[in-house]
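Geometric and topological summary
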Amino acid sequence: MKRSVLSAALGLALAAGLATLPATAVAAPAAPAVQGYTASAYAGSAAEAANNQAFFQAVMASARAKQAANPWLQTVTVTYDTANAPSFTSQISQAAQIWNGSVSSVQLQESGGTGDFSYYEGNDSRGSYASTDGHGHGYVFLDYQQNQQYSSLRVTAHETGHVLGLPDDYSGPCSELMSGGGPGPSCTNPYPDSSERSQVDSLWANGLATANRP
């Protein structure tokens, strides 16, 4: 499993969250009433798990279409756009670098136009979450308040983990990225652990292999 060496500043620059955030934002598409990146008191829900899975399936469907058009590809590129999350472009870029250095079967790349999924920002009582628009397109919503309370880079990397197919595990330790807000605001780790990295590589390698079967 490859993992690139990032600069020492990565993961530290935004550990304390964003200092200043705009008061207004572009509204994200309507999403199910489920909680996102949360504090340890929240254990997740069946609705949230189903929503995360639907998001992953939407992105995977787009990736399979690319694989069908280019069957020789060993690694599929999943594209994203940040036009509706201008305050978080740095965190999104760093989260993509982290994931790209952690897995080999799928890579994330910013798109100049509409990507396979989008990032949005704003205020939402549900916090940050990954969702689908019901039409085969997924998005990640990044909540202002939550990104001030928790490490913004960890929140972004965590929600991006849903794009790649990982479920929440709020009872996990800080070393587990998908434990989200479970370990509390003091946890700033933005990196997936070895199990999470292996799971993503397996999901994408197996999913795309299925797409190539006659």
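If you're wondering where the values come from, they're calculated on a predicted model, not measured in any experiment.

1. What to know about the confidence of the model for the protein chain
With 67% of its residues at a pLDDT of at least 70, the protein chain reaches an overall mean of 76. Mean pLDDT in the protein chain bottoms out at helix α1 (residues 46-69), which sits at 71, and peaks at helix α2 (residues 89-102), which reaches 98. Note on residues 31-35: pLDDT is under 50 here. Beyond four places in sequence and across chains, it has 16 contacts.

2. Let's talk about helix α4 (residues 152-163)
Its 12 residues place the ends of α4 17 Å apart at the C-alpha level, agreeing with the 16 Å of an ideal helix rising 1.5 Å per residue. With 12 of its 12 residues buried, α4 lies for the most part within the structure. All of the buried residues in α4 are Ser152, Leu153, Arg154, Val155, Thr156, Ala157, His158, Glu159, Thr160, Gly161, His162 and Val163.

3. Here we look at the state of the cysteines
Per the counting criterion, the structure on display carries one disulfide. Between the sulfur atoms of Cys174 and its disulfide mate Cys187 the distance is 2.0 Å. Between Cys174 and Cys187, the S-S dihedral sits near 90°, and the bridge is therefore right-handed. With Cys174 in the loop between α4 and α5 (194-211) and Cys187 in the loop between α4 and α5, this residue pair connects regions lying 13 residues apart in the sequence.

4. Concerning the pairing of strand β5 (residues 138-143)
Where burial is concerned, most of β5 is hidden: six out of the six residues are buried. Alternating residues of β5 divide into Gly138, Val140 and Leu142 and Tyr139, Phe141 and Asp143, and every residue in both groups is buried. Relative to β5, strand β3 (residues 117-122) runs parallel, the two being bridged by six bridges. Each bridged residue has a counterpart across the sheet, and for Gly122 the counterpart in β5 is Asp143.

Definitions and cut-offs
- Residues numbered from 1 in each chain as written.
- Predicted model: local features only at pLDDT ≥ 70, side-chain atom pairs only at ≥ 80, totals over all residues.
- Heavy atoms only, no water.
- pLDDT = per-residue confidence, 0-100.
- Helix = DSSP H or I, 4+ residues; strand = E, 2+ residues; numbered from the N terminus.
- Contact = heavy atoms within 4.5 Å.
- Expected span 1.5 Å × (residues − 1).
- Buried < 20%, exposed > 50% of the residue type's maximum accessible area, 1.4 Å probe, protein only.
- Disulfide = S-S within 2.5 Å.
- Pairing = 2+ DSSP bridges.

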